[in-house]
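Tertiary structure, described
Single-letter residue listing:
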Amino acid sequence: MNQKIKKITRTKQQKSIISSTDKIKRIIACPGSGKTYVLAHSIAEIINNGFCQPQEILAITFTKNAAENMVRRVRELLNKDIDYNAINIFTFNSFGNMIISENNFEMGLGSDYRLINISKAWQILYSVLKQAELKSIKVKKDTGKFLNDVLLYIQDLKNNLISVKDLKTYTGKRLDIFENFASRALINQELEIMQYQEDLAMLYEEYENNKNSSNLIDYNDHIFKPYQLFLSNSDICSKYKKRYKYIFIDEFQDTDAAQAYLIAMIYDPGSCNITVVGDDDQGIYSFRGACIENILNFHKWDCFSELKVKDFLLTTNFRSGSNIVNALQSVISGNKKRFPKSFGTGDSGKNSAVFFSYYNTKFDEALSIADNINHLLSSGFKLKDIAVISRRKNFKNITAALDKKGIRYELISRRGFFFEPEILFIISWLILLYDIFNEQHLIYLLQSEKYKISDRDIFFLKNKNIASGPDIFPDTGPIKCSSTEKHLIDEVLDYKNNSFLSKSCCLRLKEFAEEFNFYMSQ
């Protein structure tokens, strides 16, 4: 049943975007300007007016929560006789996974292919490394760091759509280039780099072969494999080009090179409309591969070379008062790579003040928040008038400070009560005590905020036979599971005999083991 929607008066900017018939739109939206409102209403009006069928819409955003929110909003706006379930609203990874599932045989995968986590990727790479004959790379004592660095390298290659073949070709071409250098020292230096890259290319190739032969994909394959498929099979690529008449991409400033190329490959200039929405001032994820140039240079994409990209602005912030908006403007106006624009507020009379404070610890900050809340309460405000917005990792300090000051609060999480860390922690303990071989919940406990056991340490708990020293990879063959192999809980309780674990890790495992033994004895 459709819920009753609060009536919102559209701004001129919002009306202009929703009513526009331009085939290629780039929307630059400041915080709180109603971009989700614009996207949802654009999709709904296209379908309600019969411009396309629901299944011909593709909308992609970055988080599962944002995708679910988009589905809910569009559903509320559609005519009752329209099947909203037919609309394709995905995250990038779920969209890529859909393509893989529809074409798994063409990719050499079985229908029961599985997505691996970091720990499994470590195991595969370790198995490869044990049997590898490296020419230049010397693996030092900290094997865990080396494995992690190689995995990050492979992830970076995939994020930039570099296949094993591409890497080998590039390495070969380098030799042709530097052989003509006049400096022998420079040639030797380049030769050393090339040999290093050859080792990395070999590790990359064997990692991929091992993974594919085991019917596995990793997180980065969600974009990389569909891209490779479309590159090698134009018929399949053409099928997806014809499938969607309208494409919407949210948070476009956070896309990386691979995601941008994938979208470009399924865009058909002859029949498709595309809208990208983002904020060039919020490009903060470059450390994980996001490419701000995707939104800045969107109009220069090859697929738009003969077409006009229409730019729109959403500059009215309905979320904040004028003081906050002005402070925001003064800070980010210094950014060099951005579209020129001025922000406004939807409510100039809204009370807003900006304070800046510095604290030595996070708990000092949390105590200050609690003190400020008490000050507001004494000034006549009520608890329901006050909200604290924070990253989840700071919840513990803030709630502890509120408890200390005797302030009642409601902790709101987007995933509900049973997904709160404290509740998951308790449930995992109960499941583990019922079934001590339940590895999933054991790992959850070990990696919780209380014990903080890293992926590296869990890997070495699972692979205890690793030894330090010159012969770091004895010839024991690939990792195998057998009926005599110990379970993870056995290795955790036997942590003292694992020489590869750090002292800090052993202290945390000691605490876990003591609590485990105590609970089991009750």
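So, how was this worked out
- Residues numbered from 1 in each chain as written.
- Predicted model: local features only at pLDDT ≥ 70, side-chain atom pairs only at ≥ 80, totals over all residues.
- Heavy atoms only, no water.
- Helix = DSSP H or I, 4+ residues; strand = E, 2+ residues; numbered from the N terminus.
- Buried < 20%, exposed > 50% of the residue type's maximum accessible area, 1.4 Å probe, protein only.
- Polar contact = N/O pair within 3.5 Å; in protein donor to acceptor, adjacent residues only side chain to side chain.
- Contact = heavy atoms within 4.5 Å.
- Arc of directions from axis to C-beta.
- Pairing = 2+ DSSP bridges.
- Axes fitted to C-alpha atoms, helices over the stretch in contact; angles between N-to-C directions.
- Parallel < 35°, antiparallel > 145°, perpendicular 65-115°, else oblique.
- Nonpolar A, V, L, I, M, F, W, Y, C, P; charged D, E, K, R; others polar.
- Salt bridge = Lys/Arg side-chain N within 4 Å of Asp/Glu carboxyl O.
- Core = buried A, V, L, I, M, F, W, Y, C linked by side-chain atoms within 4.5 Å.
- Phe/Tyr/Trp six-rings, centres within 6.5 Å; stacked < 30°, edge-to-face > 60°.
- Right-handed = clockwise from strand over helix to strand, strands pointing away.

What about the side chain of asparagine 498?
- Locating asparagine 498 in the fold gives a position in the loop between α19 (488–493) and α20 (503–521).
- Take asparagine 498: its relative accessible area is 4%, and that puts it in the buried class.
- Of the polar contacts made by the side chain of asparagine 498, one reaches the backbone oxygen of phenylalanine 460; its length is 3.0 Å.
- In contact with asparagine 498, not counting residues within four places along its chain, are Phe460, Leu461 and Lys464.

A short note on the environment of methionine 520
- Within the element layout of this structure, methionine 520 appears in helix α20.
- Take methionine 520: its relative accessible area is 39%, and that puts it in the partly exposed class.
- Along the chain, methionine 520 and tyrosine 434 lie 86 residues apart, while their C-alpha atoms are 9.4 Å from each other.
- Once residues within four sequence positions are removed from consideration, methionine 520 is found in contact with Leu433 and Ile436.

Some words on helix α13 (residues 322–332)
- For α13, the complete set of buried residues consists of Val325, Gln329 and Ile332. Looking down the long axis of α13, one finds its buried residues gathered within 85° of arc, a one-sided arrangement. Away from the buried face of α13 by more than 90 degrees, exposed residues Ser330 and Val331 are located.
- The secondary structure elements touched by the buried residues of α13 are β9 (316–317) and β10 (344–345).

So, the sheet that holds strand β6 (residues 246–249)
- If you walk across this open sheet you meet the six strands as β3-β2-β6-β7-β1-β8, and the pairing is parallel. Looking at which strands have only one partner, the edges of the open sheet turn out to be β3 (88–91) and β8 (310–314). Between one strand and the next, the sheet's axes are offset by a mean angle of 15°, whatever the strand orientation.
- Two elements, strand β2 (residues 57–61) and β3, share four bridges in a ladder whose sense is parallel. For threonine 61, the partnering residue across the bridge sits in β3 and is threonine 91.
- Lying over the sheet, helix α1 (residues 12–19) contacts β1 (24–29) and β8, oriented at roughly 145° with respect to β8.
- Packing against the sheet, helix α3 (residues 64–77) makes contact with β2 and β3, and its axis sits at approximately 160° to β3.

Overview of the packing of helix α6 (residues 143–159) against helix α8 (residues 184–213)
- At a closest axis distance of 11 Å, the pairing of α6 and α8 adopts a crossing angle of 80°. Classed by the angle they form, the pair α6 and α8 counts as roughly perpendicular. Across the interface between the two elements, Phe146, Val150, Leu151, Tyr153, Ile154, Leu157 and Lys158 of α6 pack against Leu200, Leu203, Tyr204, Tyr207, Glu208 and Lys211 of α8.
- Grouping the amino acids of the contact of α6 with α8 by side-chain chemistry returns ten nonpolar, no polar and three charged.

Considering the side chain of serine 428
- Mapped onto the fold, serine 428 is located in helix α16 (residues 421–434).
- For serine 428, a relative accessible area of 2% corresponds to the buried category.
- Apart from the residues lying within four places of it in its own chain, the contact partners of serine 428 are His441, Tyr444 and Leu445.

Some words on the pattern of salt bridges
- For the structure shown, the criterion picks out 23 salt bridges.
- Across the pair aspartate 311 and arginine 26 runs a salt bridge whose closest N-O atoms are separated by 2.6 Å. You can see aspartate 311 sitting in strand β8 and its partner arginine 26 sitting in strand β1, a full 285 residues away along the chain.
- For arginine 26, a relative accessible area of 2% corresponds to the buried category.
- Across the pair glutamate 293 and lysine 337 runs a salt bridge whose closest N-O atoms are separated by 2.9 Å. One end of the pair, glutamate 293, is in helix α12 (residues 293–296); the other, lysine 337, is in the loop between α13 and β10, and 44 residues separate them in sequence.
- Residue classification places lysine 337 among the exposed positions, given a relative accessible area of 52%.
- Residues joined in a network through salt bridges with shared partners are Lys158, Glu208, Lys211, Asp218 and Asp221.

Topic: the nonpolar core
- Ranked by size, the top nonpolar core spans 94 residues in total, and within it Phe95, Phe230, Ile274, Phe298, Leu509 and Phe512 carry the most contacts.
- For this core, the element with the most residues is helix α5 (residues 118–131), which contributes seven residues.
- In this structure phenylalanine 95 touches Leu58, Ile60, Phe90, Tyr244, Leu262 and Ile266, once residues within four positions along its chain are discounted.
- Judged by nonpolar contacts, the second largest core, of 27 residues, contains Leu39, Ala44, Ala59 and Ile87.

Examining the packing of aromatic side chains
- The final tally for this structure, using the stated rule, is 18 aromatic pairs.
- Centre to centre, the rings of phenylalanine 459 and phenylalanine 460 are 5.1 Å apart; their planes meet at 75°, and the pair counts as edge-to-face. In terms of burial, phenylalanine 459 and phenylalanine 460 fall into one category: buried.
- An aromatic cluster of three or more residues is present, and its members are Phe425, Trp429, Tyr451, Phe512, Phe516, Phe518 and Tyr519.

What about the environment of glutamate 192?
- Within the secondary structure layout, glutamate 192 lies in helix α8.
- With 47 residues separating them in the primary sequence, glutamate 192 and lysine 239 have C-alpha atoms 45 Å apart.

Focus: the pairing of β6
- Burial along β6 is two-sided: Tyr246 and Phe248 facing one way and Ile247 and Ile249 facing the other are all buried.
- Two strands pair when backbone bridges link them, and β2 and β6 are joined in this way by four bridges, in the parallel orientation. Counted as the bridge partner of alanine 59 is phenylalanine 248 from β6.
- Across four bridges, β6 lies against strand β7 (residues 273–278) in parallel orientation. What sits directly across from isoleucine 249, in β7, is valine 276.
- On the question of chirality, the crossover connecting β6 to the parallel β7 by way of helix α11 (residues 257–266) is right-handed.

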